[in-house]
Amino acid sequence: LSSPTRTQAELLELSALRIEPLLRAVPGVVEVNPWGGATRALDVTARPADMARLRMPLDELRRAVEAAAGGAAGASLPAGGAQVLLRGASWPRTPAELAGALVRQRPGEAPVRVGDVADVTTGQLPRIGAATANGRSEVLYLMVQMLRDANALEVTEALHARLPAVRAVLPPDVTWTLVYDRSELVHRTLRTVARSLAEGGALVVLVLLAMLGSFRAGLLVAAVIPLSMLGAFAAMTLLRVPGNLMSLGALDFGLLVDGAVVMVEGLFHAMQHRKTRDASVDDAAADLARPVFYGVLVIVLVYVPVLSLTGVDGKMFRPMALTVILALLCSLALALTFVPAVAAWVLRPEHVPARPPWLVRMAERAYAPALDFALRRGAWVMGLGVAALVAGALVFSRLGTAFVPQLDEGDLVVQSTRAPDISLETAVDDAQRMERILRGFPEVRDVVTR
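None of these values were measured; they are calculated from a predicted model.

Draft legend 1. Local environment of the side chain of Q8. Mapped onto the secondary structure, Q8 falls in helix 1 (residues 8–24). Sequence-distant contacts of Q8, defined by excluding residues within four places in its chain, comprise G36, G37, A38, R127, E138, V139 and L140.

Dropping the structure here:
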């Protein structure tokens, strides 16, 4: 919030009385924290000469000022099935109101008021914080805090719906600017995940079609991907596992279709030799169930140790491991039930390619001489393997220990460290100077400091 005519104290009062109640009433909002502004106060400065003339101690003036500004508890009134507590409050709004408060009234003497022995002026409490924007004058910065475990997208959408009411209560000379909106991060994350999942799914489908040589078989295996994800999302909802960029981005479509690929290739082989569809599918599925089960189970066990992480690491990586485990278990169930059932319905012996696809044949041609070379020069191959292992260990030792996914949302948090004894005025000047420097870059839209 900013205004060319209002003081920082007026902005803070405007926020506290008009804006913050509207924002706190939004479901999912726990509080609204202001930065900057100033708390208005009425300063009472005693005049020693007048107090000495009236033989008035300073403590008497202090008690009178406290009595003129404050509150007193009252009784209660019934209100249906509840009760309303009463409280009396007296808050002088202007120096003249406080100057007229009674200090002393004795029989036969003229009453003495605060203005008779003291000067009352408008001031403010000492400030310990401020907010600036774009290198210009000070502003008032408001941060809306969300309840723990609340849905960020729902809360921000409700806040957007409340903004017209906020505009309506603002005076014409007060302008507001939205600095940071968390829903933009949520939408950008969803777009990133959706694009990554779509690109990964399309790539897997193309590879399956090229390796299996059958359009129907490729689509059958590819169907396991969305069904596994659907089952994983349903389980995540029931178990209250949060979905984020890391957990959804960790879904490896190649792992999800492993069991389905083995099952379909086994069914192909059975159809080529037995030529009876139902019997071959039944027997082949029963023979492949055990290796497929244990093969996928080994992959699941790789992620189980991640579930033991605690603290920040656990909060970051446990949802990822749970998401992958749930998706793999769903893909395993589909490979053992859905794939054989649909294969018996849509695949026939005539759909099985007479020979392996072109890509597989080329790989086999390249593999035969490579295998012959490796068998004739075993020592060389062993040496190359050990050298690759050592080189990998050296590179791994210098990678560091940070493993956090990168998400460039377009907003930066710049933290500056100042001297502990810096004054607020100097800190404001430094902040505005940094803001002007940063605003000099064409990519920078706004800079706000608190």
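Draft legend 2. Spatial organisation of the nonpolar core. Judged by nonpolar contacts, the single largest core of 56 residues is most densely connected at V221, V264, Y303 and L328. Of all the elements in the fold, those that place two or more residues in this core are helix 7 (182–212), helix 8 (215–239), helix 9 (245–249), helix 10 (253–256), helix 11 (258–274), helix 12 (277–303) and helix 13 (311–346). The element contributing the most residues to this core is helix 13, with 15 residues. Counting 15 residues, the second largest nonpolar core, distinct from the first, contains L11, V26, V29 and L170.

Draft legend 3. Spatial organisation of the packing of helix 1 against helix 6 (residues 152–169). Closest axis-to-axis distance for the helix 1/helix 6 pair is 9 Å, and the angle between their directions is 155°. Taken together, the axes of helix 1 and helix 6 are roughly antiparallel relative to one another. When you trace helix 1 past helix 6, the crossing you get is right-handed. Packed against helix 1, whose contacting residues are L14, R18, I19, L22 and L23, the element helix 6 presents L159, R162, A165, V166 and V169 at the interface. Among the residues forming the contact of helix 1 with helix 6, the class breakdown is 8 nonpolar, no polar and 2 charged.

Draft legend 4. Here's a closer look at the packing of aromatic side chains. Across all of its chains, the model carries 2 aromatic pairs by this definition. Lying across the ring of W35, R450 places its NZ or CZ 4.3 Å from the centre.

Draft legend 5. Highlighting the pattern of salt bridges. This model, assessed by the stated rule, comprises 16 salt bridges. In this structure, the salt-bridge partner of D50 is R47, at a minimum N-O distance of 2.5 Å. Of the charged contacts, one joins R433 and D430 as a salt bridge, the two residues approaching to 2.9 Å between their closest N and O atoms. Residue R433 and its partner D430 are located together in helix 16 (residues 424–439), separated by 3 residues, close to a single helical turn. According to the relative accessible area criterion, R433 is partly exposed, its value standing at 44%. Members of the salt-bridge network, linked through shared partners, are R47, D50, R53 and D119.

Draft legend 6. Examining helix 8 more closely. Helix length check: helix 8 (25 residues) gives 37 Å between terminal C-alpha atoms against 36 Å at 1.5 Å per residue, within 8%. The complete set of buried residues in helix 8 reads A217, G218, L220, V221, A222, V224, I225, S228, M229, A232, A235 and M236. Downstream of helix 8 by a residue or two, R240 has a phi angle that is positive, lying close to 60°.

Draft legend 7. Examining the confidence of the model for the protein more closely. Of the residues in the protein, 95% have a pLDDT of 70 or more, and the chain-wide mean is 86. Taking the mean pLDDT of every element in the protein, the minimum, 72, falls on helix 9 and the maximum, 94, on strand 9 (residues 140–146).

Draft legend 8. A look at the pairing of strand 3 (residues 70–79). Relative to strand 4 (residues 82–90), strand 3 is paired through 8 bridges, and the arrangement is antiparallel. What sits directly across from G70, in strand 4, is S90. From the end of strand 3 to the start of strand 4, which pair antiparallel, there are 2 residues, and G80 there has a positive phi angle of about 70°.

Draft legend 9. Focus on the packing of helix 8 against helix 13. The interhelical angle for the contact between helix 8 and helix 13, taken along N-to-C directions, is 140°, at an axis separation of 8 Å. The pairing of helix 8 with helix 13 is recorded here as oblique in orientation. In this structure, helix 8 meets helix 13 at a crossing whose hand is right-handed. For the pair helix 8 and helix 13, the contacting residues are R216, L220, A223, V224, L227, S228, G231, A232, A235, M236 and L239 in the first and T323, L326, A327, C330, S331, L334, F338, V339, V342, A343 and V346 in the second. The residue makeup of the contact of helix 8 with helix 13, split by class, is 17 nonpolar, 4 polar and 1 charged.

Draft legend 10. Molecular detail of a nonpolar patch on the surface. Among the surface-exposed residues, L203, V207, M211, W358, L359 and M362 lie close enough to one another that they form a single nonpolar patch of about 580 Å² accessible area. Secondary structure elements with two or more residues in the nonpolar patch: helix 7 and helix 14 (358–376). Tracing the sequence through the fold places V207 in helix 7.

Draft legend 11. Fine view of the environment of V174. Within the element layout of this structure, V174 appears in the loop between helix 6 and helix 7. Sequence separation of V174 and S2 is 172 residues, and the distance between their C-alpha atoms is 5.8 Å. In this view, V174 contacts L1, S2, S3, R6, L11 and L14; residues no more than four positions away in its chain are not counted.

Draft legend 12. Summary view of the environment of A285. Note on placement: A285 falls in helix 12. A285 gets classed as buried once you look at its relative accessible area, which sits at 15%. Sequence spacing of A285 and D430 is 145 residues, and the spatial spacing of their C-alpha atoms is 72 Å. Among all residues touching A285, those that are not within four sequence positions of it are M263, L267 and P340.

Reading the values: rules and limits
- Residues numbered from 1 in each chain as written.
- Predicted model: local features only at pLDDT ≥ 70, side-chain atom pairs only at ≥ 80, totals over all residues.
- Heavy atoms only, no water.
- Helix = DSSP H or I, 4+ residues; strand = E, 2+ residues; numbered from the N terminus.
- Contact = heavy atoms within 4.5 Å.
- Core = buried A, V, L, I, M, F, W, Y, C linked by side-chain atoms within 4.5 Å.
- Buried < 20%, exposed > 50% of the residue type's maximum accessible area, 1.4 Å probe, protein only.
- Axes fitted to C-alpha atoms, helices over the stretch in contact; angles between N-to-C directions.
- Parallel < 35°, antiparallel > 145°, perpendicular 65-115°, else oblique.
- Left-handed = near helix turned anticlockwise from the far one by under 90°.
- Nonpolar A, V, L, I, M, F, W, Y, C, P; charged D, E, K, R; others polar.
- Phe/Tyr/Trp six-rings, centres within 6.5 Å; stacked < 30°, edge-to-face > 60°.
- Lys NZ or Arg CZ within 6 Å of the ring centre and 35° of its normal.
- Salt bridge = Lys/Arg side-chain N within 4 Å of Asp/Glu carboxyl O.
- Expected span 1.5 Å × (residues − 1).
- pLDDT = per-residue confidence, 0-100.
- Pairing = 2+ DSSP bridges.
- Patch = residues over 30% accessible without salt bridge, like charges linked within 9 Å, V, L, I, M, F, W, Y side chains within 5 Å.
- Areas by Shrake-Rupley, 256 points an atom, 1.4 Å probe, with all protein chains shown as cover.

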